[in-house]
Amino acid sequence: MTILIFVTSLLAAMAIGMPIAYALILCGVALMLQLDMYDAQILAQNLVGGTDSFTLLAVPFFMLAGEVMNVGGLSRRIVNLALTLVGHVRGGLGYVAIIAACILSALSGSAAADAAALGALLVPMMVKAGHDKARSVGLVASASIIGPIIPPSIAFILLGVTTNLSISKLFMAGIAPGLMIGLALAVAWFIVARKEKTELRPRTSAAERLKVLRESLWALGLPVIIIFGLKFGLFTPTEAAVVAAVYALFVSMVIYRELSLSQIYGVFVSSAKITSVVIFMVSAALVSAWLITIADLPGQVVELLAPFMESPRLLMLVIMILIVVVGTAMDMAPTILILGPVLVPVVVAAGIEPIYFGVLFIINNSIGLITPPVGTVLNVTAGVTRTSMDAVIRGVTPFMIAQLIMLGLMIVFPELVTVPAAWLSR
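Residues numbered from 1 in each chain as written. Predicted model: local features only at pLDDT ≥ 70, side-chain atom pairs only at ≥ 80, totals over all residues. Heavy atoms only, no water.

Caption draft 1: Region of the structure containing the overall build of the protein chain. Within the protein chain, the secondary structure is distributed over 20 helices and zero strands. Taken over C-alpha atoms, the radius of gyration comes to 22 Å for the protein chain, in line with the 22 Å a tight globule of 426 residues would show. With the C-alpha coordinates aligned to their principal axes, the bounding extent of the protein chain is approximately 70 × 45 × 45 Å. Every one of the 426 residues in the protein chain was classed for burial, and the buried ones make up 56%. The contacts of the protein chain with a sequence gap of at least 6 include a subset with a gap of at least 24, amounting to 78%. (Helix = DSSP H or I, 4+ residues; strand = E, 2+ residues; numbered from the N terminus. Rg over C-alpha atoms; globule rule 2.2 N^0.38 Å. Buried < 20%, exposed > 50% of the residue type's maximum accessible area, 1.4 Å probe, protein only. Contact = heavy atoms within 4.5 Å.)

Shown next, in the form of structure tokens:
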């Protein structure tokens, strides 16, 4: 009965167009009424207390860092570096998009920001070189979703806050799978682009490569600082976010000098607006998360999934299929906030390593960003490149299939995730 009330109230609120944050609060009220413990004071305390978190401070600072990097020239220099390395090979611009996405993911942690930057910079170049526009936009959209997988990742922060999983361990565990997703995209691009007759870019000289590398060193320094700082315990994820924001501001204003004082206000306002939406959503979700614990909703889900509990791989497959379906209708953040607190106790009860599950959970939610009709990254790339949604969906399909195949391999062979994660966490 509790599960029915939880799902019905949430879906009914969303069906009438209620914003996700308010739908989560309404869902919490419905649970309180069902448990006969409604108290507006408790509701308010949980709502306010949900934002009173040192860990959540990482979100606004990583948001700020991402905005600064796009405006301050760091993203453009990363793309230029990838161009000089592989831009001259057949289909090279596609590999540039994948390499640039992997590097940018270690800078911003936001798929939408990476999609906007790569779409504006690379798609016109790919079309001019003779690549099919829909396929080019599809590759850029698919590559951009590596952003939430490779640290720093706002998605991992949200999952860690709502499920009490170690954010540092999630960060370290996301590196290898993120690169594997990039490899899957490279294989898919090789297959679909090899028959295209495209104009090859001239090979850059060693001197030019050295010049571009020198210019991009400051941008490349940020992911190195963050990953090594987290690995060796020099700072927490929240402190890493502060380091990222300050570093990006310093490089953009002092080194590259592409961010002026007059632009700073706009950058801060833009990142604050995005942050306010995310934080309010987290606060509302934590109200439901508290009531989910009180109502023992995970225990009831365990009973429903009892036939699959003895086979961890089968359970993971069932859960991942569920998330794929949910991802077609719901954005990444609310999916994490709603399903994370419910599913993590379930997989722990089945004997599945929660960090491993958390990584696959985020990968699956990231793929949801390019699944129609709600895919956020699809809409971003369609808008930035002025491409119809039908064309974007057609272009993204082969790459989404490659990513789902890689996700399936990680379910069948958990060692692909757990072994690198254990090594990086030492």
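Caption draft 2: Main features of unusual backbone geometry. Its identity is not glycine, yet N164 carries a phi of approximately 65°, on the positive side. Structurally, the position occupied by N164 is in the loop between α9 (154-163) and α10 (167-193). Judged by its relative accessible area of 74%, N164 falls in the exposed class. The backbone phi angle of R257 is positive, close to 55°, even though this residue is not glycine. In this fold, R257 is placed in the loop between α12 (237-255) and α13 (261-294). The exposed category is assigned to R257, whose relative accessible area is 68%.

Caption draft 3: Fine view of the packing of aromatic side chains. Applying the stated criterion to the full structure yields five aromatic pairs. Ring geometry for F156 against F171: centres 6.4 Å apart, planes inclined by 55°, an arrangement best described as tilted. Of this pair, F156 sits in helix α9 while F171 sits in helix α10, and the two are 15 residues apart along the sequence. Of the two residues examined, F156 and F171, each falls in the buried class. Across from the ring centre of Y256, 3.7 Å away, lies the NZ or CZ of R77, which sits over that ring. (Phe/Tyr/Trp six-rings, centres within 6.5 Å; stacked < 30°, edge-to-face > 60°. Lys NZ or Arg CZ within 6 Å of the ring centre and 35° of its normal.)

Caption draft 4: Inspection of the nonpolar core at higher detail. Core analysis: the largest hydrophobic core is formed by 157 residues, its most contacted members being V59, L158, F357, L360 and F361. Top contributing element to this core by residue count: α10, with 15 residues. Ignoring anything within four residues of it in the chain, the contact list for V59 reads I154, I157, L158, T275, V278 and I279. (Core = buried A, V, L, I, M, F, W, Y, C linked by side-chain atoms within 4.5 Å.)

Caption draft 5: How the structure looks around the environment of S168. Tracing the backbone through its elements, the reader meets S168 in helix α10. Of the residues examined, S168 reaches a relative accessible area of 26% and is grouped as partly exposed. Along the backbone, S168 and F156 are 12 residues apart, and their C-alpha atoms lie at a distance of 9.0 Å.

Caption draft 6: A look at the pattern of salt bridges. In the structure shown here, the tally under the stated rule is three salt bridges. Here R77 ties to E258 by a salt bridge, and the two come within 2.9 Å at their closest N and O atoms. In this pair, R77 is assigned in helix α5 (residues 74-86) and E258 in the loop between α12 and α13, connecting sequence segments 181 residues apart. Of the residues examined, R77 reaches a relative accessible area of 13% and is grouped as buried. On the basis of relative accessible area, E258 is assigned to the partly exposed category, the value being 28%. Where D132 meets R394, a salt bridge forms, and the shortest distance between an N and an O atom there is 3.9 Å. Of this pair, D132 sits in the loop between α7 (111-128) and α8 (133-144) while R394 sits in helix α19 (residues 389-412); the two residues are 262 residues apart in sequence, bridging distant segments of the chain. Overlapping salt bridges bring together R76, R77 and E258 as one network. (Salt bridge = Lys/Arg side-chain N within 4 Å of Asp/Glu carboxyl O.)

Caption draft 7: Layout of the packing of α7 against helix α18 (residues 376-385). For the pair α7 and α18, the least separation of the axes is 9 Å and the interaxial angle reads 30°. In this view, α7 runs roughly parallel relative to α18, as classed from their interaxial angle. Judged by the twist between their axes, the crossing of α7 over α18 is right-handed. On the side of α7, the interface is formed by A111, A112, A115, A116, G119, A120 and V123, while α18 contributes V377, V380, T381, V384 and T385. Split by residue class, the contact of α7 with α18 holds nine nonpolar, three polar and no charged. (Axes fitted to C-alpha atoms, helices over the stretch in contact; angles between N-to-C directions. Parallel < 35°, antiparallel > 145°, perpendicular 65-115°, else oblique. Left-handed = near helix turned anticlockwise from the far one by under 90°. Nonpolar A, V, L, I, M, F, W, Y, C, P; charged D, E, K, R; others polar.)

Caption draft 8: Molecular detail of the environment of M410. Mapped onto the fold, M410 is located in helix α19. Residue M410 is classed as buried on the basis of its relative accessible area of 0%. Remark: the alpha-carbon pair of M410 and L179, spanning 231 residues in sequence, is separated by 13 Å. Not counting the four nearest positions on each side in its chain, M410 is found in contact with P177, M180, I181, Y356, L360, I363, L416 and V417.

It is worth stressing that arrangement in space is one thing and function is another; only the former is reported here.
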